[in-house]
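The residues making up each chain are set out below.
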Amino acid sequence: MKKTIFVLGAGKGLGTAIGRKFGENDFRVVLMARNADSLKAYADEFAAKGIEVYTRTADAASDEGLAKTLQEAVAEYGTPDVFAYNVGITNPDSMLEKGVDGQLLRDRYQVDVVGAYNAIQQIATEEFAEKNGTILVTGGGLAMYPSAEYLPLSMDKAALRAMVQAIHPALKEKGIFLGTLTVCNVIMPGSTCAPEILADQYWKQYTERKDWEVVCQ
């Protein structure tokens, strides 16, 4: 029976690259994102490559909405073997140019951190543990090298990294591997952190289940 990966945050860059990498290794792929039209285009591309693919609209900004999406996906496709959280708002929000108010910080934190925490809590069930499930989270170099130009994202990536590091040992005891891929360069073709390179790192973390953090420079 095929293994299954849920990719939350399936965009045209890293999200779909992760899906393709696992799909090419005989995984069923469930792509999740807010834009239904984009998801359909990605699904058509995957299907043309012979990858078994399904889609679900999802919004990490909504606790209830995200919970409902994940519940429905598990009911439809079963408990996944791998869950990837690739959601993040990467807009520059400079405190020096226009200021950053508390509401913006809360909105960004909801998507970048709370969404990840909620998803991990929901996915990390006993059944997931019995399958020796893997949860992988896309982090960022701003966690270690913060910038005033990207203040909310710097704060959020630091919190996300700390969360993964803190929860990793507890989940490991249950048989679940939780790791983060910390991306320190621009995700684009030709970069040292090109989508395909990062997808390979995701696959390596999944197969090796060794380090809670892998850093891409």
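In what follows, the structure referred to is the one given above.
Quick caveat: nothing in here was measured; it's all calculated off a predicted structure.

A. Structural detail: the state of the cysteines. Under the defined criterion, the tally for this structure stands at one disulfide. Sulfur-sulfur distance for the disulfide between Cys193 and Cys216 comes to 2.4 Å. Residues Cys193 and Cys216 share a disulfide whose torsion about the S-S bond is about -120°; that sign makes it left-handed. Here Cys216 lies in strand β7 (residues 213-216) and Cys193 lies in the loop between β6 (177-183) and α7 (195-208), a separation of 23 residues in the sequence. The pair Cys193 / Cys216 is uniform in exposure class, with both members buried.

B. Expanded view of the sheet that holds β7. Taken in spatial order, the seven strands make up an open sheet running β3-β2-β1-β4-β5-β6-β7, and their pairing is parallel. Each edge of the sheet is formed by a strand with only one pairing partner; in this case those strands are β3 (53-57) and β7. Recorded for the sheet is a direction-independent mean angle of 20° between the axes of neighbouring strands. In this sheet, β6 lies alongside strand β5 (residues 134-140) in parallel orientation, the contact comprising seven bridges. If you follow Ile135 over to β6, its bridge partner there is Leu178. Lying on the sheet, helix α1 (residues 14-23) is in contact with β1 (3-8), β2 (27-33), β4 (82-85) and β5; it crosses β1 at an angle near 175°. The strands touched by helix α4 (residues 102-123) are β1, β4, β5 and β6; relative to β4, the strand with the most contacts, the crossing angle is about 170°.

C. Broad picture of the packing of aromatic side chains. Under the defined criterion, the tally for this structure stands at seven aromatic pairs. Here Phe22 and Trp203 contribute two aromatic rings whose centre-to-centre distance is 4.9 Å and whose plane-to-plane angle is 70°, an arrangement assigned as edge-to-face. Here Phe22, found in helix α1, pairs with Trp203, found in helix α7; they are 181 residues apart in sequence, far enough to count as distant. Neither residue differs from the other here; Phe22 and Trp203 are each classed as buried. Aromatic side chains Phe27 and Tyr206 sit 5.6 Å apart centroid to centroid with 85° between the ring planes, which places their arrangement in the edge-to-face category. Here the residue Phe27 occupies a position in strand β2, and Tyr206 occupies one in helix α7, the gap between them amounting to 179 residues. On the accessibility criterion, Phe27 (3% relative accessible area) is buried. Among the aromatic residues, those joined into a ring-pair cluster are Phe22, Phe27, Trp203 and Tyr206.

D. Quick peek at unusual backbone geometry. At Asn132, a position not held by glycine, the phi torsion is positive, near 55°. Looking at where Asn132 falls in the secondary structure, it is placed in the loop between α5 (126-130) and β5. When its relative accessible area of 46% is taken as the criterion, Asn132 is described as partly exposed. At Arg209, a position not held by glycine, the phi torsion is positive, near 50°. Here Arg209 shows up in the loop between α7 and β7. For Arg209, a relative accessible area of 29% puts it in the partly exposed group.

E. Examining the pattern of salt bridges more closely. In this structure the tally under the stated criterion is 10 salt bridges. Of the charged contacts, one joins Asp26 and Lys2 as a salt bridge, the two residues approaching to 3.7 Å between their closest N and O atoms. With Asp26 in the loop between α1 and β2 and Lys2 in the segment before β1, this pair connects stretches of sequence that are 24 residues apart. We classify Lys2 as partly exposed; its relative accessible area is 30%. Salt-bridge contacts for Lys2 lead to Glu52; the nearest nitrogen and oxygen are separated by 3.4 Å. Separated by 50 residues along the polypeptide, Lys2 in the segment before β1 and Glu52 in the loop between α2 (36-48) and β3 bring together distant segments of the chain. Salt bridges linked by common partners bring Lys2, Asp26 and Glu52 together as one network.

What counts, and where the lines are drawn
- Residues numbered from 1 in each chain as written.
- Predicted model: local features only at pLDDT ≥ 70, side-chain atom pairs only at ≥ 80, totals over all residues.
- Heavy atoms only, no water.
- Disulfide = S-S within 2.5 Å.
- Helix = DSSP H or I, 4+ residues; strand = E, 2+ residues; numbered from the N terminus.
- Buried < 20%, exposed > 50% of the residue type's maximum accessible area, 1.4 Å probe, protein only.
- Pairing = 2+ DSSP bridges.
- Axes fitted to C-alpha atoms, helices over the stretch in contact; angles between N-to-C directions.
- Contact = heavy atoms within 4.5 Å.
- Phe/Tyr/Trp six-rings, centres within 6.5 Å; stacked < 30°, edge-to-face > 60°.
- Salt bridge = Lys/Arg side-chain N within 4 Å of Asp/Glu carboxyl O.

Remember that the coordinates give geometry; whether it matters functionally is a separate question.
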